[in-house]
Structure formats: C-alpha cells, structure tokens
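# Observations on the model geometry
The residues making up each chain are set out below.
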Amino acid sequence: MDQLIEDMLDLSRATRSDIHVASVDLSALAITVAEELRQRAPDRKVTFSAMEGLTANGDEGQLRIVLNNLLGNAWKYTGAHPEAKVEFGITKQDGVDVFFVSDDGDGFDMADAEKLFAAFQRLQGASEFEGSGIGLATMQRIIHRHGGEIWAKAAVEEGATFYFTLS
Amino acid sequence: MQHVLPRWVERTGGADSEAVRIFNEKVSPIVGVKINPDGTASKIE
C-alpha cells in the first residue's frame, strides 16, 4: 500500500508541476527502464532493442513516466509468452516523427481502442483488473502536456504498438 | 462508459481507505475519474 500511495503522489507531482523542457535522450532512458524491468524478472526471455540516438525536447521526469508505463506494459503483456520481443524506435507518419514501443505479446482487440486511455477501463476478455488502472490515462495526460498525441494499434495475440508524438 | 475499480481499492480497505482518499484528492483531477463512497467510480469533468 505504501508503494501505491507513493506512486500516486509521484504521479500527482509529475503531472501537475511545471514542465522543465530540455533535450532528453529517449534511447538511453528506454534502455535504463528496460534494464530495470529485466532485473525485476531475470528469468524472462525478452529481447529488447532501442534505436540509438533518439532525442526529444521535453521534461525528462515526465517522459520517464511515459517510457516506464509503455515498456512496463510491453513486459507485462508478453509475460505469458516463453520468448518475447520489445522494441523502442521512431518512424515517420505523414512526415511527422513518431516514437513507438512495440511488443509481440497478447495484443488487444481494436474494438477496445477507445477505452485504452480512460482510467479504470477493463478490456474485453480480461477477467481481473490488476495494476493501478491509471497508467495509460497518465501517459496520455503527459503527452498532451507536451503538445503530442498517443495512440495504439494491435491485434489479439499479435502484439501491440503504442505510438506517440512530442511537439 | 462503465468504470471498473481495480483490485487495489479492495486490497487497501475499500472506498473509505486512505489510499482512495489520496487517489480522489491527487489523482482524480489528472485522470478524470473519482471513486465514490459507495464503491463505484464515475467520470468527473
């Protein structure tokens, strides 16, 4: 319970405080987060890759929350697979730089896509509701504060890719 | 859109717990959902 409360207070501080914009090495941040996830589950066989040299202007603490949530979800929803791949990178869509985190895990039905970023929404087929229930809502809030957008594409048992932009 | 409470609400003592009080005070304004005294959740504007 203490950790839960601490996480909520961290979230409140991080998302309501001023944004301190600086150049952030997202590749290094993603590698650090992935290493932390790996240390928490050393027996998992997850191949993680991150494109090198990806930077963005933003608040490092808040962008770390975003990558923590995205990569944490990727780790979580590949947990039932004996081996998994998780990737952080960048692509272009309509001429705009778009960061992404992809995995080859459980995925989800795109019919649930509109629920993804609302707090306390349970996806179809999920019998339980573990976790805080606010991770994606938090990420969306942070991305919007940075002038960006976040969305996802997925298919059941074919993995999920979360895309986000930063202004 | 119907909201479903995550298990941590029950684990921390239900809708009148300290965790829920902090959630409603600190997190609800961020995510736009509050936990009600009757154990339901609803959207806030």
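Residues numbered from 1 in each chain as written. Chains lettered and ligands numbered in written order. Predicted model: local features only at pLDDT ≥ 70, side-chain atom pairs only at ≥ 80, totals over all residues.

## As for the packing of helix 3 (residues 60–76) of chain A against helix 4 (residues 135–145) of chain A
Residues and elements named next belong to chain A.
- Relative to each other, helix 3 and helix 4 sit at 145 degrees, their axes nearing to 9 Å. As for how helix 3 packs across helix 4, the hand of that crossing is left-handed. On the side of helix 3, the interface is formed by Gln62, Ile65, Val66, Asn69, Leu70 and Asn73, while helix 4 contributes Gly135, Leu136, Thr138, Met139, Ile142 and Ile143. (Axes fitted to C-alpha atoms, helices over the stretch in contact; angles between N-to-C directions. Helix = DSSP H or I, 4+ residues; strand = E, 2+ residues; numbered from the N terminus. Left-handed = near helix turned anticlockwise from the far one by under 90°. Contact = placed C-beta atoms within 7 Å.)

## Quick look at the interface of chain A and chain B
- Taken residue by residue, the interface counts 24 residues in chain A and 18 residues in chain B.
- Those elements that provide at least two residues to the side of chain A that touches chain B are helix 1 (2–16) and helix 4 of chain A.
- Among the elements that line the side of chain A that touches chain B, the one with the most residues is helix 1 of chain A, at 7 residues.
- Across the side of chain A that touches chain B, the residue classes break down as 12 nonpolar, 7 polar and 5 charged. (Nonpolar A, V, L, I, M, F, W, Y, C, P; charged D, E, K, R; others polar.)

## Here we look at the sheet that holds strand 5 (residues 96–103) of chain A
Residues and elements named next belong to chain A.
- The strand order across the open sheet built from 5 strands is 2-4-5-7-6, with neighbouring strands paired in mixed fashion. With partners counted over all chains shown, the strands left at the sheet margins are strand 2 (45–50) and strand 6 (150–154), one partner each. With strand direction ignored, the average angle separating the axes of adjacent strands in the sheet is 20 degrees.
- Both strand 6 and strand 7 (residues 160–164) contribute to a ladder of 5 bridges, which runs antiparallel. Directly across from Ala152, in strand 7, lies its bridge partner Phe162.
- In this fold helix 2 (residues 26–40) packs onto strand 2, strand 4 (83–93) and strand 5, with an angle of close to 170 degrees to the strand it touches most, strand 2. (Pairing = 2+ DSSP bridges.)

## Here's the deal with helix 2 (residues 18–31) of chain B
- In this model, helix 2 of chain B (14 residues) spans 19 Å end to end at C-alpha, consistent with the 20 Å of a helix rising 1.5 Å per residue.
- Remark: the principal bend of helix 2 of chain B, roughly 45 degrees, maps to Asn24(B).
- Looking only at helix 2 of chain B, the buried set comprises Val20(B), Phe23(B), Val27(B), Ser28(B) and Val31(B).
- Lining the buried residues of helix 2 of chain B we find helix 1 and helix 4 of chain A together with helix 1 (7–11) and strand 1 (33–35) of chain B.
- Positive phi shows up at Gly32(B), right after helix 2 of chain B, with a value of about 80 degrees. (Expected span 1.5 Å × (residues − 1). Bend = angle between axes of the 7 residues up to and from the residue. Buried ≥ 20, exposed ≤ 12 C-beta atoms within 10 Å, placed from the backbone.)

## Details of the packing of helix 2 of chain A against helix 3 of chain A
Residues and elements named next belong to chain A.
- Closest axis-to-axis distance for the helix 2/helix 3 pair is 9 Å, and the angle between their directions is 45 degrees. Here helix 3 runs oblique to helix 2, going by the angle between their axes. Crossing geometry of helix 2 relative to helix 3 is assigned as right-handed. Contacts from Leu26, Leu29, Ala30, Val33, Ala34 and Leu37 of helix 2 reach helix 3 at Leu63, Arg64, Leu67, Asn68, Leu71, Gly72 and Trp75.
- When grouped by side-chain class, the residues that make up the contact of helix 2 with helix 3 number 10 nonpolar, 2 polar and 1 charged. (Parallel < 35°, antiparallel > 145°, perpendicular 65-115°, else oblique.)

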